[in-house]
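Breakdown of the fold
Residues per chain are reported as follows:
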Amino acid sequence: MKNQNILISGGSIAGPALAHLLSRYGFRPTVVERTPRLREGGYKVDIRGVAVEVARRMEILPDIRRASTNMRGGTFVANNNKPIATMPADFFNSRAQGDDEIMREDLSRILYERTRQTVEYIFGDSIASIEQGEEGVAVTFERGESRTFDLVVGADGLHSNVRGLAFGAEADFIRHLDAYVSIFTTSNFLHLEHWELYHYAPGKFVSLYSSRDSSKAMSFFFFSSPQLDYDYRDSAQQKQLLATHFATDKWQAMPHLLKAAWDAPDFYFDSVSQIQMERWSAGRITLLGDAAYCPSPASGQGTSLALVGAYVLAGELAKAAGDYASAFARYEQVMRGYVSVNQKLAGAVKDFVPQTRVQLWLRTQAIRLLPYLPKSLAVNKMMQDTQRATNAITLEDYAS
Ligand SMILES: Cc1cc2nc3c(=O)[nH]c(=O)nc-3n(C[C@H](O)[C@H](O)[C@H](O)COP(=O)(O)OP(=O)(O)OC[C@H]3O[C@@H](n4cnc5c(N)ncnc54)[C@H](O)[C@@H]3O)c2cc1C
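Rules of the game
Residues numbered from 1 in each chain as written. Predicted model: local features only at pLDDT ≥ 70, side-chain atom pairs only at ≥ 80, totals over all residues. Heavy atoms only, no water. Core = buried A, V, L, I, M, F, W, Y, C linked by side-chain atoms within 4.5 Å. Buried < 20%, exposed > 50% of the residue type's maximum accessible area, 1.4 Å probe, protein only. Helix = DSSP H or I, 4+ residues; strand = E, 2+ residues; numbered from the N terminus. Contact = heavy atoms within 4.5 Å. Axes fitted to C-alpha atoms, helices over the stretch in contact; angles between N-to-C directions. Parallel < 35°, antiparallel > 145°, perpendicular 65-115°, else oblique. Left-handed = near helix turned anticlockwise from the far one by under 90°. Nonpolar A, V, L, I, M, F, W, Y, C, P; charged D, E, K, R; others polar. Pairing = 2+ DSSP bridges. Polar contact = N/O pair within 3.5 Å; in protein donor to acceptor, adjacent residues only side chain to side chain.

Comments concerning the nonpolar core
Membership of the largest hydrophobic core comes to 80 residues, with the highest contact counts inside it found for Ile8, Leu18, Leu288, Tyr293, Val308, Leu317 and Met335. Per-element accounting of this core gives the leading share, eleven residues, to helix α9 (residues 302–319). Leave out the neighbours within four places in its chain, and Tyr293 touches Ile275, Trp280, Leu288, Leu305, Gly309, Tyr331, Met335, Val339 and Gln343. Leu177, Phe220, Ala346 and Ile367 belong to the second largest nonpolar core, which has 27 residues in total.

Take a look at the structure:
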């Protein structure tokens, strides 16, 4: 088979998923990850629709189910922590349809553990330059090493380094949805047990979920904002932005959470954005996951697109016996429609949070009614759209 040596930039979800499948087909993948070790952090992520079948074919579904969040439900709370409404988990999620929910870092760890013996991992490094030639791609790394690979895959997220080197500036491909998210670990100071709290304020939403068998909690902050000027690698600056945006928030838990942000080892902050590109491949280089088609956390489909994308890309490379030009073309052809319908799930992100005090009051009244409404009435349309989108691709059986 041709083109067996494949460099993958990014060791979160898309990168290790692709490495797992490629090594199964006899390719020799190398993963380079910028952080010094496997990156921790992230909130609950969904594995939905076709992605569940991909996880099954990757033989990681039992591991995923063992690490399931096992969420029991959640409570909308007022500023003084008094419950507004309490809902069982299956009111919002689609576990009943066979979908799964797992902490992002657990899925990343499962994929890494599956591949660490068969795949070369380089931590704490990054691609500094890429030059394509007839016979391969000459790569230099930031730490100074130079190597040649047959193919390069950018699975390095929203701010993809490979995309920048091979396709051009991020500004040409990113679509800001006028919101930001921040996620980090805190102590389980409210003693939640597989339970989540939800708090709204004008333009803001915060949730808190017990993790690590309730020994810790994970917080998720969301706020609407026009584009902010900050360095996406400077977490001290991002913590300050978060503190400024939530300084006047009246939720009782807020002072504890904002203090925890400064101490959190896994602090994550990013814009709610999508990546939209006319093509994902250029010669021997292609993009995968958020790097190519980030649907944004507002769609809830980033992880599923990354898993399905890895399955299709690896399968097409194996089917074409390493003929990258036809494999990359097929990968785009097979994935385009699925990506597009899932990006649409992000909808109008601003509607996710009430923007004014009046809208907040109306939202609170609607939430009070939720427990008394049949699920079908309250979330039916949203659930149906999501189910259609998450299944909007027919998986080929690439088994060798
Ligand atoms: C820490 C973290 C927390 C997240 N939390 C959530 C969440 O709670 N909810 C949600 O919906 N989505 C979250 N996401 C995004 C989610 O993981 C993706 O949408 C989805 O799983 C697709 O994954 P991906 O592998 O394509 O991209 P990502 O998960 O973003 O991974 C990209 C990887 O590339 C690495 N990388 C970046 N630059 C370079 C470089 N120059 N060289 C080498 N490696 C590089 C990053 O360190 C990271 O490990 C999170 C991502 C991260 C990294």
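What follows continues from the structure just given.
A word on the packing of α9 against helix α10 (residues 324–343)
Contact geometry of α9 with α10 gives a least axis separation of 8 Å together with a crossing angle of 155 degrees. As the angle between them shows, α9 and α10 are arranged roughly antiparallel. When the axes of α9 and α10 are compared, the crossing they make is right-handed. When α9 is examined against α10, the residues Ser304, Leu305, Val308, Gly309, Val312, Leu313, Glu316, Leu317 and Lys319 are found in contact with a partner set consisting of Tyr324, Ala327, Phe328, Arg330, Tyr331, Val334, Met335, Tyr338, Val339 and Asn342. Residues that form the contact of α9 with α10 fall into these classes: 13 nonpolar, three polar and three charged.

Here's the deal with the sheet that holds strand β12 (residues 174–187)
Read across the open sheet, the seven strands follow the order β5-β4-β13-β14-β15-β12-β16; overall the sheet is mixed. Single-partner strands in this sheet number two, and they are β5 (83–88) and β16 (268–275). Geometrically, the sheet is characterised by an average inter-axis angle of 20 degrees between neighbouring strands, direction not taken into account. Bridging between strand β4 (residues 73–77) and β5 involves five bridges; their strand directions are antiparallel. Each bridged residue has a counterpart across the sheet, and for Thr75 the counterpart in β5 is Thr86. Contacts from helix α7 (residues 254–263) reach β12, β14 (204–211) and β15 (216–224) within the one sheet, and its direction differs from that of β12 by about 95 degrees. In the packing of helix α11 (residues 357–369) onto the sheet, contacts are made with β4, β5 and β13 (195–201), and the angle to β5 comes to roughly 50 degrees.

Side note on the environment of Thr286
With respect to the secondary-structure elements, Thr286 resides in strand β18 (residues 285–287). Owing to a relative accessible area of 0%, Thr286 belongs among the buried residues under this scheme. Taking the C-alpha atoms as reference points, Thr286 and Ala166, separated by 120 residues in sequence, lie 9.0 Å from one another. Filtering out sequence-adjacent residues up to four positions away, Thr286 remains in contact with Val152, Val153, Gly154, Trp280, Ser281, Leu313, Phe328 and Tyr331. A distance of 3.3 Å separates a polar atom in the side chain of Thr286 from the backbone oxygen of Trp280.

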